[in-house]
Structures are given as structure tokens and as C-alpha cells.
Amino acid sequence: MKELSARGRWIRVVATLVCGVLLLGGTLYGADDDFPFGPFRMYATGPDPNGDAKDTRVEATDADGRTVQLTEGNSGIRRAEIEGQEGAYVSAPSRLAEIADAYASHTPGGAPLRSVRIVVRWHGIEHARPTGTWRDQVIAEWTRP
């Protein structure tokens, strides 16, 4: 095995110090977007043990009046993509037309969709345990003109 040259040791020491400074700075002043040099707060805090748990879904009504669950399999759009842009859909529900178009292209034999909506199911939680109760809240809805 060959020894590391003085230049190689110097480069490694400098790289280690730079990474250390970035980690320390990110820990003290960073946000989630700075990961891996900033904290990843998503897992650093716990939910309210008596707060409702959020479960988001996308559903539609087809031309025959049936309710259709829109999934990655039949629309090509992942639930995480919807949740990540939830605010945009709430402020501009007409964007839900894109999901109807994606469904039409991924499910050619399916009935056309008349409406698409984002529904949040709030599951009741008490003392960090589910109560078995829930309520649905439609946060965005688009209807075909």
C-alpha cells in the first residue's frame, strides 16, 4: 500500500474542515432546503398527540357519476406531487384540469372526468392513538366547463 502524499493529506484536511464548517453553519443557521448541510426538521419534531392526522387523496367524478380514485397508476401523478403543490391547487383549482388530462392519457378506456377534487381526510387522534373518527374536507375542486 502506498503512503498518501503531503499534498493528498493537505487536500483531505482542507475538505474535512470545509465540510465541518458547512455542517456547523447549516446546523446553526440552516433550513430544510440546505440538507445535507442543514437540519432535516421533518424528523426532528413530533406531531401533536391530540392533533388530527392528515390523509390527502385525489378523486374525481366521471361522466357516469361514479367516484374514481386518482392514483399514480391511473394518472401517472404521485400523491406526494399533489401534496407538495397543494397550495397552488387551492389558489388555482383550474390546475386540476391537468390531472384530468393525465388520467385521460393513462386510462384511455375510462369514462371522461367531469370533476376533480383534492380531499383531505382528517383522522381523529387522542393521546397519540387513533379514535376511529374522521372527517373529509374538500380543499380544491375543478369542474369541466
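Residues numbered from 1 in each chain as written. Predicted model: local features only at pLDDT ≥ 70, side-chain atom pairs only at ≥ 80, totals over all residues. Heavy atoms only, no water.

J.: Residues and numbers for the packing of aromatic side chains, please.
T.: Geometrically, a pair of aromatic rings is defined through the distance of the ring centres and the angle of the planes. A complete count under the given rule lists zero aromatic pairs for this structure. Here the guanidinium or amino end of Arg95 rests over the ring plane of Tyr89, the centre of that ring lying 4.7 Å away. Directly above the aromatic system of Trp134 lies the positively charged group of Arg121, at a separation of 3.5 Å from the ring centroid. (Phe/Tyr/Trp six-rings, centres within 6.5 Å; stacked < 30°, edge-to-face > 60°. Lys NZ or Arg CZ within 6 Å of the ring centre and 35° of its normal.)

J.: Quick one: what's the story with the nonpolar core, residue by residue and with numbers?
T.: Counting 18 residues, the largest nonpolar core has Leu70, Leu96, Ile99 and Val116 as its most contacted members. Counting residues per element, the ones that place at least two in this core are β1 (53-62), β2 (67-70), α5 (96-106), β3 (113-126) and β4 (129-143). Ranked by residues supplied to this core, first place goes to α5 with six residues. With residues near it in sequence (within four places) discarded, Leu96 still touches Tyr89, Val116, Arg117, Ile118, Ala140, Glu141 and Trp142. (Core = buried A, V, L, I, M, F, W, Y, C linked by side-chain atoms within 4.5 Å. Buried < 20%, exposed > 50% of the residue type's maximum accessible area, 1.4 Å probe, protein only. Helix = DSSP H or I, 4+ residues; strand = E, 2+ residues; numbered from the N terminus. Contact = heavy atoms within 4.5 Å.)

J.: Provide a residue-level description of the sheet that holds β1, including the pertinent values.
T.: Spatially, the four strands line up as an open sheet ordered β2-β1-β3-β4, and their pairing is antiparallel. The open sheet is flanked by β2 and β4, the only strands paired with a single partner. Between one strand axis and the next, the sheet turns through 35 degrees on average, direction left out of account. Note that β1 and β2 share four bridges and pair antiparallel. (Pairing = 2+ DSSP bridges. Axes fitted to C-alpha atoms, helices over the stretch in contact; angles between N-to-C directions.)

J.: Give me the lowdown on a nonpolar patch on the surface, citing residues and values where you can.
T.: A cluster of nonpolar side chains, namely Trp10, Ile11, Val14, Val18, Leu22, Leu23 and Phe37, defines an oily patch on the protein surface of about 630 Å² accessible area. Along the polypeptide, Leu22 turns up in helix α1 (residues 6-29). (Patch = residues over 30% accessible without salt bridge, like charges linked within 9 Å, V, L, I, M, F, W, Y side chains within 5 Å. Areas by Shrake-Rupley, 256 points an atom, 1.4 Å probe, with all protein chains shown as cover. Salt bridge = Lys/Arg side-chain N within 4 Å of Asp/Glu carboxyl O.)

J.: Help me get a handle on the side chain of Thr56, residues and values and all.
T.: Summarising the element assignment, Thr56 is placed in strand β1. Given a relative accessible area of 2%, Thr56 falls into the buried group. Residues in contact with Thr56, not counting those within four places in the same chain, are Arg79, Glu83, Glu86, Ile118, Val119 and Val120.

J.: How would you sum up the pattern of salt bridges? Please name residues and give values.
T.: Oppositely charged side chains are able to pair whenever their charged atoms sit close together. Here the structure, examined in full by the defined rule, presents 12 salt bridges. The salt bridge involving Asp55 is made with Arg79; its shortest N-O contact spans 2.9 Å. With a gap of 24 residues between them, Asp55 in strand β1 and Arg79 in helix α3 (residues 79-84) connect regions that are remote in the sequence. Since its relative accessible area comes to 29%, Asp55 is described here as partly exposed. As a salt-bridge pair, Glu59 and Arg57 come within 3.1 Å of each other at their nearest N and O atoms. This pair shows no difference in class: Glu59 is buried, exactly as Arg57 is. Members of the salt-bridge network, linked through shared partners, are Arg57, Glu59, Arg117, Arg121, Asp136 and Glu141.

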